[in-house]
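# A closer look at the structure
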Amino acid sequence: MVKKIVGLGVLLMMIFSLVGCGNKYNAVMYDNAKEWMSEEFLRENLTRGAFYEDVFLDDNSYPKNITHIIKSKEEFDAIFAEFPSEVDFESSIVFIYIFTCNSMGSSYKISKNRLGKNKDLKIYFKRIKPKKLGAYGGGMTSPGQRCFVVTMNKLDVITVEFVDNE
């Protein structure tokens, strides 16, 4: 009987530890950050399948998605015309993920993130299902260029991968 209780206690601790590991490193996602970026940066980072200035980018020379790791204020300032908060690069790092999205009215959030042994970071995100569908309620839209920005505690990262966890 004691073994069963201890076993159940250990199992519950494992389950709670898994649930609590979703958003490590004080990660904050800005899920529609395109408006803060310079036009030059956006033009240099176009993605396949999006409409840009009323032109459909279906050419295979465009990538499906693009990621950037920003480790300095100089890099950050070259990309952003404005940003809603101050980033301290002594203690923080910034990741940018650009992709083609056909749910432009939807919001997204980080579901979890994992740092691997090879300094590879995976940031899992998911779309927040809208309660009300419609033109601006998160339903399907024409495909457009979507930009996520994630700020988090400074990490020694070589690569970052954003994973749609819907």
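Given the structure is predicted, the values throughout are model-derived calculations rather than measurements. (Residues numbered from 1 in each chain as written. Predicted model: local features only at pLDDT ≥ 70, side-chain atom pairs only at ≥ 80, totals over all residues. Heavy atoms only, no water.)

## Quick notes on the pattern of salt bridges
Formally: The salt bridge definition used is simple: a Lys or Arg side-chain nitrogen within 4 Å of an Asp or Glu carboxyl oxygen. Segments assigned H or I by DSSP are reported as helices when at least four residues long, segments assigned E as strands when at least two residues long, and all are numbered from the N terminus. Throughout this description, buried means an accessible area under 20% of the type-specific maximum (1.4 Å probe, protein chains only), exposed means over 50%, and partly exposed covers the range between.
What the rule picks out here adds up to four salt bridges. The salt bridge involving Lys73 is made with Asp77; its shortest N-O contact spans 3.2 Å. Of the two residues, Lys73 and Asp77 are both situated in helix 3 (residues 73–79); the distance of four residues between them amounts to about one turn of the helix. Judged by relative accessible area, Asp77 falls into the partly exposed class, the value being 43%. Close ionic contact of Glu161 with Lys122 constitutes a salt bridge, the shortest N to O distance being 3.9 Å. You can see Glu161 sitting in strand 9 (residues 159–164) and its partner Lys122 sitting in strand 7 (residues 120–128), a full 39 residues away along the chain.

## Describing the packing of aromatic side chains
The test is simple: Each Phe, Tyr or Trp ring (for Trp, its six-membered ring) is paired with any other whose centre lies within 6.5 Å, and the angle between the two planes then decides the class: stacked below 30 degrees, edge-to-face above 60, tilted in between. A ring is scored as having a charge over it whenever the NZ atom of a lysine or the CZ atom of an arginine sits within 6 Å of its centre and within 35 degrees of its normal.
Tallying each qualifying case throughout the model produces 18 aromatic pairs. Plain terms: the ring middles of Tyr30 and Phe83 are 4.9 Å apart, the flat faces sit at 65° to each other, and that makes the pair edge-to-face. Of this pair, Tyr30 sits in strand 1 (residues 28–30) while Phe83 sits in the loop between helix 3 and strand 5 (92–101), and the two are 53 residues apart along the sequence. A relative accessible area of 17% means that Tyr30 is categorised as buried. Taken together, the ring pairs in this structure connect Tyr30, Trp36, Phe76, Phe80, Phe83 and Phe89 into an aromatic cluster. Taking NZ or CZ as reference, Lys112 lies 4.8 Å from the ring centre of Tyr124, over its face.

## Observations concerning unusual backbone geometry
A positive phi is found at Asn26, a non-glycine position, where the angle reads about 55°. Looking at the secondary structure, you find Asn26 in the loop between helix 1 (2–19) and strand 1. Positive phi values are uncommon outside glycine, yet Lys119 reaches one of about 60°. Within the secondary structure, Lys119 sits in the loop between strand 6 (107–115) and strand 7.

## Examining the sheet that holds strand 6
The strands that make up a sheet are held in pairs by hydrogen bonds between backbone atoms, and each pair lies either parallel or antiparallel. In plain terms, the rule: Between any two strands, at least two bridges found by DSSP are needed for them to pair. Here, axes are lines fitted to C-alpha atoms. For helices the fit covers the stretch in contact, and angles between N-to-C directions go from 0 to 180 degrees.
The sheet built from three strands is open, its strands ordered 6-7-9 with mixed pairing. The open sheet has two edge strands with one neighbour each: strand 6 and strand 9. When strand polarity is set aside, the average angle formed by the axes of neighbouring strands in this sheet is 25°. Alignment of strand 7 against strand 9, held across six bridges, turns out to be parallel. Note on strand 9: the bridge partner recorded for Lys122 is Glu161.

## Some words on the environment of Val160
Where we set the bar: Contacts were defined at the residue level, with two residues in contact if any of their heavy atoms lie within 4.5 Å.
Tracing the backbone through its elements, the reader meets Val160 in strand 9. Taking the C-alpha atoms as reference, Val160 lies 7.2 Å from Thr67; in sequence the two are 93 residues apart. Contact partners of Val160, with chain neighbours within four places excluded, come to Thr67, Ile69, Phe95, Leu121 and Ile123.

Read these as layout, nothing more, since geometry by itself doesn't imply function.
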